[in-house]
Amino acid sequence: MRMKYVLSEVLVGLWRNVTMTIAMIITMAVSLFMLGGAGLLYQKVGDMKDLYYENVEVSIFLATDVSEQQRNDLDAKLKSDPLVKEVLYVNKDEAYKRFQEMYQDAPDLVNAVKADQLPESFRLKLVNPEQYKNIYDQYKDAEGVDEIVDQSRLLDKVFGVLTGIQTFALVIAVFMAAAALLLVANTIQVAAYSKRREVAVMKLVGASNWFIQAPFVLEAVVAGVIGSLLALVFMALGKYFGGSGSLSALEGLITPVSWGDILLMFPIMAGVGALFSAITGWITLRFYLRV
């Protein structure tokens with residue numbers, strides 16, 4: 001009987017202040033959508049780092065006048081270096097073949113370059129690609145070395161942009177969450193004020209605080225859960241339209257977001273929405289309404 005009463009009061013309370021309830025749900029949905037998007041972005045950037053850094057190479061280009069002794073000494077030193085996982089020597093002919101493959105769509109450029117114009121190089125895979133700086137400092141002044149190029153420097157710039165997007169999405173989510181929680185608190189206050197006489201009677205007849213508070217707190221929880229469902233719908237629509245629209249061009253750069261990834265975010269969004277709504281409702285009743 002008590003549970004039936006509490007649930008009925010929740011439905012009545014949500015309907016009594018329907019405009020504020022809708023505003024609360026929509027604001028909660030947007031904030032949870034931003035939170036879920038930021039979470040997915042953090043996850044995908046982490047996956048990208050693992051994927052790209054695993055295949056990052058450091059290229060040590062040799063000077064045109066490098067001697068065979070210098071090349072052999074450098075080869076031996078690289079192979080014995082604990083920071084280096086794999087060493088591949090690329091001579092001028094092999095470098096020219098790679099150049100032809102890379103610029104096969106620009107035949108005029110390929111014809112303008114001769115094999116002996118391209119430098120020899122060592123292509124390195126590191127045990128830890130983030131230790132490129134150590135490799136650079138160690139070999140930049142070695143005999144026969146002309147230039148050291150690390151692919152991860154370009155990747156760091158890309159990841160820096162994506163990290164900025166992550167932070168921006170998270171900041172927006174925090175501001176939207178604050179707005180949603182303020183709406184939750186305001187809705188609870190209005191609901192409790194409209195039922196102040198009923199609450200006073202319940203206290204007089206000995207009703208416990210949790211029994212009085214339960215309908216108001218559950219209103220906030222229901223709003224949070226509905227908001228998380230709407231956020232899930234927004235994310236699904238974003239994947240559906242983004243996958244076939246302009247965002248599809250990013251699939252070669254960003255690891256794709258699967259439907260499983262989106263569904264896995266729902267428990268997090270629902271948990272965050274319900275928990276923070278419940279806490280906000282309880283604090284509002286506890287410290288403002290003195291229930």
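None of these values were measured; they are calculated from a predicted model.

K.L.:
I tried to follow the side chain of S121 on my own but got confused; where do I start?
P.N.:
Looking at where S121 falls in the secondary structure, it is placed in strand β3 (residues 121-126). Judged by relative accessible area, which is 1%, S121 ranks as buried. Among the polar contacts made by the side chain of S121, one reaches the side chain of R123 at a distance of 3.1 Å. Ignoring any residue separated from it by four or fewer positions in sequence, one finds S121 in contact with I60, F61, L62, L88, Y89 and V90.

K.L.:
Looking at this structure, how should I read the sheet that holds strand β4 (residues 145-150)?
P.N.:
The strands that make up a sheet are held in pairs by hydrogen bonds between backbone atoms, and each pair lies either parallel or antiparallel. Pairing is antiparallel in the open sheet, where four strands are placed in the order β2-β3-β1-β4. The sheet is open, and its two borders are formed by β2 (84-90) and β4, each paired with just one other strand. Ignoring which end each strand starts from, the neighbouring axes of this sheet average 20° apart. Looking at chain direction, strand β1 (residues 58-62) and β4 are connected through five bridges and run antiparallel. For V58, the partnering residue across the bridge sits in β4 and is D150. Running at roughly 175° to β4, helix α6 (residues 132-139) makes contact with β1, β2, β3 and β4 of the sheet.

K.L.:
Honestly, the UniProt feature "transmembrane region" (unreviewed entry) in the protein chain in this entry has me stumped. Any pointers?
P.N.:
According to UniProt, the positions carrying the feature "transmembrane region" (unreviewed entry) are residues 21-42, 168-193, 214-242 and 262-285. Taken end to end, residues 21-42 is 100% helix and 0% strand, and its two terminal C-alpha atoms sit 31 Å from one another.

Rules of the game
- Residues numbered from 1 in each chain as written.
- Predicted model: local features only at pLDDT ≥ 70, side-chain atom pairs only at ≥ 80, totals over all residues.
- Heavy atoms only, no water.
- Helix = DSSP H or I, 4+ residues; strand = E, 2+ residues; numbered from the N terminus.
- Buried < 20%, exposed > 50% of the residue type's maximum accessible area, 1.4 Å probe, protein only.
- Polar contact = N/O pair within 3.5 Å; in protein donor to acceptor, adjacent residues only side chain to side chain.
- Contact = heavy atoms within 4.5 Å.
- Pairing = 2+ DSSP bridges.
- Axes fitted to C-alpha atoms, helices over the stretch in contact; angles between N-to-C directions.
- UniProt positions renumbered as here; feature names shortened; annotations may be inferred.

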